[in-house]
Amino acid sequence: MVSLAFSPRVKRRMKRLVRQPVTWGVVAWVSFLGAAGNHFLILGLAAWTYGLLLVCMGCLVLLGWAIGSAGNAGAFGDLLRQAIDVLPEARLITARDGSTVYANPGFRRLMPVAPGKPELSGIVDVLDGEYAISEFKRLKGNALNGIGDHAELPIRGADGMKEWRRISVAPLGKPAGFSLWLVRDVTARREMESAQRKEFRQVFDFVDNLPVGFFSSDQNGRFRFVNQTLGDWLGVSPEMVRATGMGLSDFVEEISEGANGLMRLKGTDGNAFDVYVRQTELYDAQGHFVHNRCLVLREGIEIGNVAPKRSATAPHRASLGHDPRVRWLFNEAPIGIAVLDMDLNINDCNRAFLKMLGRHQEAIIGRPLFDQFKVENHEDASRQLGKVAMGAIAAVRFDAQMATARGRILTVSVFAGHMEDETGQISGFVLHFIDATEQRDLELQFTQAQKMQAIGQLAGGVAHDFNNVLTALTGFCEILLERHPKGDPDHQELQQIYQSGNRATDLVRQLLAFSRKQTLRPKIVDISEVISDLSAMLNRSLGETVNLRIEHGRDLHQIRVDTGQLEQVVVNLAVNAGHAMNSEGEVIIRTANADISEPVEQAHDTMPPGRYVSIEVSDTGCGIAPENMTKIFEPFFTTKDVDKGTGLGLSTVYGIVRQTDGYIFVDSVVGKGTTFSIYFPAVEETAVVTKVDKKQPDLFDHADLTGTATILLVEDEDPVRLFGARALSAKGYEVLEASSGDAAWDVMKKKGDKIDLIITDVVMPGMKGPDLVALVRERLPDIKVIFMSGYAEDVIPEGIENDPTIHFLPKPFKLKDLAYKVKEVLGEI
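Residues numbered from 1 in each chain as written. Predicted model: local features only at pLDDT ≥ 70, side-chain atom pairs only at ≥ 80, totals over all residues. Heavy atoms only, no water.

**Description of the overall build of the chain**
Next, step 1: A count of helical and extended segments in the chain gives 24 helices and 30 strands.
Next, step 2: Within the chain, the proportion of its 829 residues that are buried is 45%.
Next, step 3: A separation threshold of at least 6 residues defines the contact pool for the chain, and within that pool the share at least 24 residues apart is 57%.
Next, step 4: Of the accessible surface of the chain, which amounts to about 42400 Å², a share of 53% is contributed by carbon and sulfur atoms. (Helix = DSSP H or I, 4+ residues; strand = E, 2+ residues; numbered from the N terminus. Buried < 20%, exposed > 50% of the residue type's maximum accessible area, 1.4 Å probe, protein only. Contact = heavy atoms within 4.5 Å. Areas by Shrake-Rupley, 256 points an atom, 1.4 Å probe, with all protein chains shown as cover.)

**Considering the sheet that holds strand E12 (residues 336-340)**
Next, step 1: With antiparallel pairing, 5 strands are arranged side by side in an open sheet as E13-E12-E16-E15-E14. At either end of the open sheet lies a strand with only one pairing partner, and these are strand E13 (346-349) and strand E14 (395-403). Strand-to-strand, the axes of this sheet are offset by a mean angle of 30°, without reference to chain direction.
Next, step 2: One ladder, built from 9 bridges, connects strand E15 (residues 409-420) with strand E16 (residues 426-435); its direction is antiparallel. Opposite Met-419, over in E16, you have Gly-428 as the bridge partner.
Next, step 3: Relative to the sheet, helix H13 (residues 378-389) contacts E14, E15 and E16, its axis offset from that of E14 by approximately 150°. (Pairing = 2+ DSSP bridges. Axes fitted to C-alpha atoms, helices over the stretch in contact; angles between N-to-C directions.)

**Considerations on the nonpolar core**
Note on soluble globular proteins: their nonpolar side chains tend to be buried together.
Next, step 1: Formed by 39 residues in total, the largest nonpolar core has its most connected members in Leu-566, Ile-615 and Phe-676.
Next, step 2: Top element by residues in this core is helix H17 (residues 563-580). It accounts for 7 residues.
Next, step 3: Discounting chain neighbours no more than four positions away, the residues touching Phe-676 are Leu-573, Ile-615, Glu-616, Val-617, Ile-624, Ile-632, Phe-633, Leu-650, Ile-664, Phe-665 and Val-666.
Next, step 4: In terms of nonpolar packing, the next biggest core, distinct from the first, is built from 27 residues, Cys-349, Ile-364, Leu-431 and Phe-433 among them. (Core = buried A, V, L, I, M, F, W, Y, C linked by side-chain atoms within 4.5 Å.)

**Topic: the sheet that holds strand E27 (residues 734-738)**
Next, step 1: Strands sit in the order E27-E26-E28-E29-E30 across an open sheet of 5 strands; the sheet is parallel. This sheet does not close on itself; its edge strands, each paired only once, are E27 and strand E30 (806-810). Each adjacent strand pair in this sheet contributes to an overall mean axis angle of 20°, direction not counted.
Next, step 2: As defined by bridge partners, strand E29 (residues 784-789) adjoins E30 across 5 bridges and the pair is classed as parallel. What sits directly across from Val-785, in E30, is Ile-806.
Next, step 3: Against the sheet, helix H20 (residues 718-730) makes contact with strand E26 (710-714), E27 and strand E28 (757-761), and its axis sits at roughly 170° relative to E27, the strand it touches most.
Next, step 4: Contacts between helix H24 (residues 815-825) and the sheet are confined to E26, E28, E29 and E30, with E30 contributing the most and set at about 175° to the helix.

**What about unusual backbone geometry?**
Next, step 1: Residue Pro-812 follows Lys-811 across a cis peptide bond; omega there is -5°.
Next, step 2: Counting through the fold element by element, Pro-812 comes out in the loop between E30 and H24.
Next, step 3: The phi dihedral of Asp-555 is positive, around 50°, even though this residue is not glycine.
Next, step 4: Relative to the assigned elements, Asp-555 resides in the loop between strand E18 (546-551) and strand E19 (559-561).

**Observations regarding the packing of aromatic side chains**
Next, step 1: This model, assessed by the stated rule, comprises 10 aromatic pairs.
Next, step 2: Relative to Phe-398, the ring of Phe-373 has its centre 6.5 Å away and its plane inclined at 80°; by these criteria the two rings are edge-to-face. Residue Phe-373 is found in the loop between helix H12 (351-357) and H13, and its partner Phe-398 is found in strand E14; the two are separated by 25 residues along the sequence.
Next, step 3: Consider the rings of Tyr-612 and Tyr-679, whose centres lie 6.3 Å apart with planes at 85°: the pair is edge-to-face. Of the two residues, Tyr-612 sits in strand E23 (residues 610-619) while Tyr-679 sits in strand E25 (residues 673-681), which places them 67 residues apart along the sequence. Each of the two residues, Tyr-612 as well as Tyr-679, counts as buried.
Next, step 4: Taken together through their ring pairs, the aromatic side chains of Phe-370, Phe-373 and Phe-398 make up a single cluster.
Next, step 5: Here the basic side chain of Arg-190 rests over the ring of Trp-164, its NZ or CZ set 3.6 Å away from the ring centre. (Phe/Tyr/Trp six-rings, centres within 6.5 Å; stacked < 30°, edge-to-face > 60°. Lys NZ or Arg CZ within 6 Å of the ring centre and 35° of its normal.)

**Observations regarding the pattern of salt bridges**
Next, step 1: Enumeration over the complete set of coordinates arrives at 23 salt bridges.
Next, step 2: Across the salt bridge formed by Arg-189 and Glu-152, the nearest N and O atoms sit 2.1 Å from each other. Residue Arg-189 is located in helix H8 (residues 187-208), and its partner Glu-152 is located in strand E3 (residues 149-156); the two are separated by 37 residues in the primary sequence.
Next, step 3: The exposure class assigned to Arg-189 is buried, which follows from its relative accessible area of 14%.
Next, step 4: Glu-152 serves as the salt-bridge partner of Arg-190, at 2.9 Å between the closest nitrogen and oxygen. Of this pair, Arg-190 sits in helix H8 while Glu-152 sits in strand E3, and the two are 38 residues apart along the sequence.
Next, step 5: A single salt-bridge network, built from bridges that share partners, covers Glu-152, Arg-166, Arg-189, Arg-190 and Glu-193. (Salt bridge = Lys/Arg side-chain N within 4 Å of Asp/Glu carboxyl O.)

**Some words on the confidence of the model for the chain**
Next, step 1: Chain-level statistics for the chain give a pLDDT mean of 76 and a share of 71% at 70 or above.
Next, step 2: Mean pLDDT across the secondary structure elements of the chain bottoms out at helix H2 (residues 21-41), with 42, and peaks at E26, with 95.
Next, step 3: With pLDDT under 50 throughout, residues 1-6 is counted as low confidence; its partners more than four residues away or in other chains account for 1 contact.
Next, step 4: Across residues 691-699 the pLDDT falls below 50, and counting only partners more than four positions away or on other chains, this stretch makes 6 contacts in the model. (pLDDT = per-residue confidence, 0-100.)

**Side note on the environment of Ile-123**
Next, step 1: Along the chain, Ile-123 turns up in helix H6 (residues 119-126).
Next, step 2: Accessibility expressed as a relative area gives 2% for Ile-123, which makes it buried.
Next, step 3: Counting along the chain gives 11 residues from Ile-123 to Pro-112, while the straight-line C-alpha distance between them is 8.2 Å.
Next, step 4: Each residue touching Ile-123, except ones within four places of it in the same chain, is listed here: Phe-107, Met-111, Val-113, Phe-136 and Ile-167.

**Focus on H13**
Next, step 1: Taking 1.5 Å of rise per residue, 12 residues should cover 16 Å, and H13 covers 16 Å from first to last C-alpha, within 8% of that figure.
Next, step 2: Buried within H13 we find Ala-381, Gln-384, Leu-385 and Val-388. Seen along its axis, H13 keeps its buried residues to an arc of 95°; they face one direction.
Next, step 3: Elements that come into contact with the buried residues of H13 comprise E14, E15 and E16.
Next, step 4: At the C-terminal side of H13, Gly-391 shows a positive phi close to 80°. (Expected span 1.5 Å × (residues − 1). Arc of directions from axis to C-beta.)

**Quick notes on the pairing of strand E7 (residues 223-226)**
Next, step 1: Bridge analysis of strand E6 (residues 213-217) against E7 gives 3 bridges, and the strand direction is antiparallel. Note on E7: the bridge partner recorded for Ser-216 is Phe-225.
Next, step 2: Linking E6 back to E7 in an antiparallel pair, the connection comprises 5 residues, with Gly-221 at a positive phi of about 85°.

**Observations concerning the packing of helix H16 (residues 527-542) against H17**
Next, step 1: Taken N-terminus to C-terminus, the directions of H16 and H17 make an angle of 40°; their axes are 10 Å apart at the nearest point. On the basis of their axis angle, the class for H16 and H17 is oblique. Like other packed secondary-structure pairs, H16 and H17 cross with a definite hand, here right-handed. Here Ile-527, Val-530, Leu-534, Met-537, Leu-538, Ser-541 and Leu-542 of H16 lie close against H17, whose contacting residues are Thr-563, Leu-566, Glu-567, Val-570, Val-571, Ala-574, Val-575 and Gly-578.
Next, step 2: Residues that form the contact of H16 with H17 fall into these classes: 11 nonpolar, 3 polar and 1 charged. (Parallel < 35°, antiparallel > 145°, perpendicular 65-115°, else oblique. Left-handed = near helix turned anticlockwise from the far one by under 90°. Nonpolar A, V, L, I, M, F, W, Y, C, P; charged D, E, K, R; others polar.)

Written out as structure tokens, the structure reads:
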């Protein structure tokens, strides 16, 4: 072992570093990021591994100690706490008496506890059923005893639907009694497992009731499974056979052709009967024996073209006929079955197979199986069936995609085995088809949701930080532009800075649109009027070589949207269409009512039935390559040159549409063009259409934005607070500044009677904006408030978001935006 020698001075420094809580806080945070990074990078995982959970718990313990005991690291601790706040999983820390020490925003999102109710006791109210409540009480009891535990429990979601949560608890050590609770949404995984169990039950019921015997046995020949049919033949129940350790040898009276072949069995009633037994040994990937799987055919029963082989020397055995029960079970089986010849042509199929494809028997029988498969599945299917044909393996399973008569693509699991003629030669195949489309869609939706949630969380966090920077950047630039008007040597350079800031603002707005965290102002609108108002601008954007055609449907329903965001959606799609045609061709915008009677599925979205208004934007351009169809709505994905696009256009469209409860689908043919179809829910006919006032922004140029009121400005970002204070002071207001909620409360206690308006950030270290306002309202219930935030308006708690005396100003805002908002709230405009 190598020994490292350090000087006494170095040793003293190392000891001081180790004793610093901030040091351990950094270690904890780096460890947490390393563990969590694996989760976000491997987005296809359905759940966190238990080891990852333990790592996160340990990191949070260190993190909590660092934040709680580092007096000189308050800012750093607050930063770490904010970082934890934006994580999508729910985290809750409770004391021994059940009171809340800390709860991140994700907790209220995943557990719809009633406002004002303690988090831990409120969980019981949303649990679904007595079993869930008793299990949760068990978790609480274990937590009090210092025992970590977890359970998956059903809850009633905000919409009344049943959802599932995985609730984990772990003791935090000293001081004793503190517990860390983690909550994860496992609804999608539970739905997938439920769909799988349903399919397995269907297969099991089918096997159990077939008119053929089926059993599996261990290496010693003892039964592990016996279906109901074989149990009836032997005169015993399947449960009794398994419980007593019996095997097939206990019922064999005579063997004619060895373990695989003809034999005579004798049941418990003393009656003997002839059967044909086919046995297959199964081994795992390491070559270890798993079990024997055996099919038992009783003489007198034939399934399709499969019958027990008959020995030439076997006496008094008549030829085997067709049993109508077998044909009935074949036709009425809940899964699709097809019988193939050696050329892979379909000789027979049951009703479930025809129903699955939506085709008549004449369109299936006698045709190649591969006519039903997608081309990309042919190679794998040929390889798998070839193994069965050569006798290398008794049965195989593979996945394939098949097109229905209506063009819907099904994902099916295919189980293929072979048939034998009377000489024992392989004569064809029997294929069982299980529709796994729903399961596959759930898996893809779950994976995509995890992926988009991670990207959206990142985009929202980045946008918030940039909004603070841009507020100060563009704000101070406006102040300088007022000091250096046109004609000043510095005016042009300042104008370039200001315009660059505005472009960055647009980019941030696109990020927020994708993450669905932008502030919307939805109104009841007439969609035809909105699109007609855009026609002049669209013609200019598309150029003279592109023909724009707008076709409005009749008697369109009304929709509820943010007009500005709807305009951005239409403009983005139209401009993209122009680019796809190299500025030559035709762009068509159509509107129509759409009454959807069945769910519409595409990619990872499913639109439920209902009344919608549709907008179609079509072009005659180059189309979208099939391999790009699943990526076009992802942020930063683009097929354009590096300097010709950000890759945020379609992701912005997708975010706006989905945040407005709409749906967007795409249909494209390479070389012919692309159509984007948007569906917005229709509103009631009695709703009043809101006319959009296009002249509203001009009020800034004519209104008197000066004033004399006293304003308390609360903002933890120094540049933003400094800009706001200077801007308002220049308009004549008296501005009192505070860098935190606690500092603002101190100001209110001294000068509260003189303050006319509070402008406060929402998310701040320590006391947050809503907490400050709630405290102030106890003394001054009528004081007016403006919240400002780089996040969306939904960061304001539900209890006060509908208060008419509380207003919202999204960042980044300009000098005139701030001044106009203040005048408006004070009632002076």
